[in-house]
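Remarks on the overall topology
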Amino acid sequence: MIIDAARLALVNLFAAETRAVFWKVLGLTLVVLVGLWFGLRSLFIAFALPWIDAFLPGIPDWAGWLSFVFAIFAGIGLALALALLISPVTALIAGLFLDDVAEVVEKRDYPADPPGRALPLFKALRSSIGFLGVLIVGNIVALLLLFVPGVNLVAFFLVNGYLLGREFFEFAAMRFRTPTEARDYRARHGRTVFAAGLLIAAFLAIPIVNLLTPLFAAALMVHLHKMLSKRDGFA
């Protein structure tokens, strides 16, 4: 079921009907990530760089290579920080465009079914922002576990698999159910949703391609919710 949903989601990803949503999501994601990069860089220059200068006062010419090494590590650190922010950013943006993606999937693949109801903008924003905080905390935990050998990658997939799976499935379910019913239905199929979330986390781990995570995850969970509902006799 999950493989079928993922296959259909990839087909939807390249469908002509999805292109408008694709450009909106990709453009907004890139703008946010570029803004975050400059923000992180400014914070580093304002707070970390003076500390480094104070730590290495009057460095002699023969040891100038130390400054170069620090610059390399600083660049790596900023890149890692930005990579850890990709997951929360994509989740936040997905909350704004999930209904657009869901509408495309429903019209294209389930034309005979009743259409879903889009969430009110305020509720979608509030839910996305609240989830953003949860996801940031989860990734901080995963970051701390990076220092535990053999646990780092596992932590990334488990944390993001659970949180992303939960978020995207409940968004898809709330087009047809109340928020309480959506959470209950997600809990009822927790293992399946978690397995699909791991697939989203794997997609998220692919550089460049991960910018399409909102579109892929939204379509995947719309298909999965439709399949589970049909199997359970709800549709």
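In what follows, the structure referred to is the one given above.
Heads up: these notes are all about the structure in this document. Note that this is a predicted model, so its numbers are computed, not measured.

A word on the overall build of the protein. Broken down by element type, the protein carries 8 helices and 0 strands. Starting at the N terminus and walking to the C terminus, you meet the elements of the protein as α-α-α-α-α-α-α-α. Counting across all 235 residues of the protein, residues that qualify as buried make up 40%. For the protein, the share of sequence-separated contacts (at least 6 apart) that also reach a separation of at least 24 residues comes to 83%. Accessible surface for the protein amounts to roughly 12,800 Å². Of this, 73% is attributable to carbon and sulfur atoms.

Attention shifts here to the side chain of His 189. By the secondary structure assignment, His 189 is in the loop between α6 (179–188) and α7 (190–204). Using a relative accessible area of 8% as the deciding quantity, one classes His 189 as buried. Of the polar contacts made by the side chain of His 189, one reaches the side chain of Asp 232; its length is 2.7 Å. With residues up to four places along the chain from it excluded, the contact list for His 189 reads Leu 228, Arg 231 and Asp 232.

This structure, assessed with the given rule, holds 2 aromatic pairs. Its end group placed over the ring of Tyr 185, Arg 177 keeps NZ or CZ at 3.8 Å from the ring centre. The ring of Tyr 110 has Lys 226 lying over it, and the distance from NZ or CZ to the ring centre is 5.3 Å.

What follows is about the environment of Leu 144. Its place among the elements puts Leu 144 in helix α4 (residues 121–145). Overall, the relative accessible area of 58% leaves Leu 144 in the exposed class. Separated by 11 residues in sequence, Leu 144 and Ala 155 have C-alpha atoms that sit 9.5 Å apart.

Glancing now at a nonpolar patch on the surface. Residues Leu 28, Val 32, Leu 96, Leu 121, Leu 125 and Ile 129 make up a contiguous nonpolar surface patch of about 470 Å² in total accessible area. Counting residues per element, the ones that place at least two in the nonpolar patch are α2 (19–55) and α4. Here the nonpolar patch takes 3 residues from α4, the largest share from any one element. Along the chain, Leu 28 turns up in helix α2. For Leu 28, a relative accessible area of 30% translates into the label partly exposed.

In the structure shown here, the tally under the stated rule is 7 salt bridges. Put simply, Glu 103 and Lys 107 hold a salt bridge, and the shortest N to O gap is 2.9 Å. With Glu 103 and Lys 107 both in helix α3 (residues 65–109), this residue pair falls 4 residues apart, about one helical turn. Salt-bridge contacts for Lys 226 lead to Asp 113; the nearest nitrogen and oxygen are separated by 3.3 Å. Linking Lys 226 in helix α8 (residues 213–231) with Asp 113 in the loop between α3 and α4, this pair joins segments that are 113 residues apart in sequence. On the accessibility criterion, Lys 226 (9% relative accessible area) is buried. According to the relative accessible area criterion, Asp 113 is partly exposed, its value standing at 30%.

Look at helix α1 (residues 2–13) against α8: their axes get within 8 Å of each other, and the N-to-C directions meet at 135°. Put simply, α1 runs oblique to α8. Judged by the sense of rotation from one axis to the other, the crossing of α1 with α8 is right-handed. In this structure, α1 contributes Ile 2, Asp 4, Ala 5, Ala 6, Leu 8, Ala 9, Leu 10, Asn 12 and Leu 13 to the contact, and α8 contributes Leu 215, Phe 216, Ala 219, Leu 220, His 223, Leu 224 and Met 227. In terms of residue class, the contact of α1 with α8 is built from 13 nonpolar, 2 polar and 1 charged.

Each value, and the rule that gives it
All residue numbers here refer to positions counted from 1 along the written sequence of the relevant chain. The predicted nature of this model means local features are confined to residues of pLDDT at least 70 and side-chain atom pairs, given and counted, to a pLDDT of 80 or more, with totals for whole chains, interfaces and linings taken over all residues. To obtain the side-chain values, all non-hydrogen atoms of the structure were included, while hydrogens and water were left out. Only DSSP runs of H or I reaching four residues or more are called helices, and only runs of E reaching two or more are called strands; each is numbered from the N terminus. Note on classification: 1.4 Å probe, protein chains only; a residue is buried when its accessible area is under 20% of the maximum for its type, exposed when over 50%, partly exposed between these limits. Residue contacts are counted whenever heavy atoms from the two residues lie within 4.5 Å of one another. Computed with the Shrake-Rupley method and a 1.4 Å probe, the accessible areas treat only the protein chains shown as cover for residues. N or O atoms within 3.5 Å of each other form a polar contact, as long as, within protein, one can give a hydrogen and the other can take it, and as long as residues adjacent in sequence are counted only when both atoms are side-chain atoms. When the centres of two rings from Phe, Tyr and Trp lie within 6.5 Å, Trp using its six-membered ring, the rings pair. Their planes under 30 degrees apart give stacked, over 60 give edge-to-face, and anything left gives tilted. For a Lys NZ or an Arg CZ to count as sitting over a ring, it must be within 6 Å of the ring centre and within 35 degrees of the ring normal. Patch members must show over 30% relative accessible area and no salt bridge, and they are joined within 9 Å when carrying like charges or within 5 Å when they are nonpolar side chains of Val, Leu, Ile, Met, Phe, Trp or Tyr. We count a salt bridge whenever a side-chain nitrogen from Lys or Arg sits within 4 Å of a carboxyl oxygen from Asp or Glu. Angles here are taken between N-to-C directions and fall from 0 to 180 degrees, while the axes themselves are lines fitted to C-alpha atoms, restricted in helices to the stretch in contact. Geometric relationships in this document are graded by angle, where less than 35 degrees denotes roughly parallel, more than 145 denotes roughly antiparallel, 65 to 115 denotes roughly perpendicular, and other angles denote oblique. Should the near helix be turned anticlockwise from the far one by less than a right angle, the crossing is termed left-handed; should it be turned clockwise, right-handed. In this classification, Asp, Glu, Lys and Arg are treated as charged, Ala, Val, Leu, Ile, Met, Phe, Trp, Tyr, Cys and Pro as nonpolar, and every other residue, Gly included, as polar.

None of this, on its own, says anything about what the molecule does.
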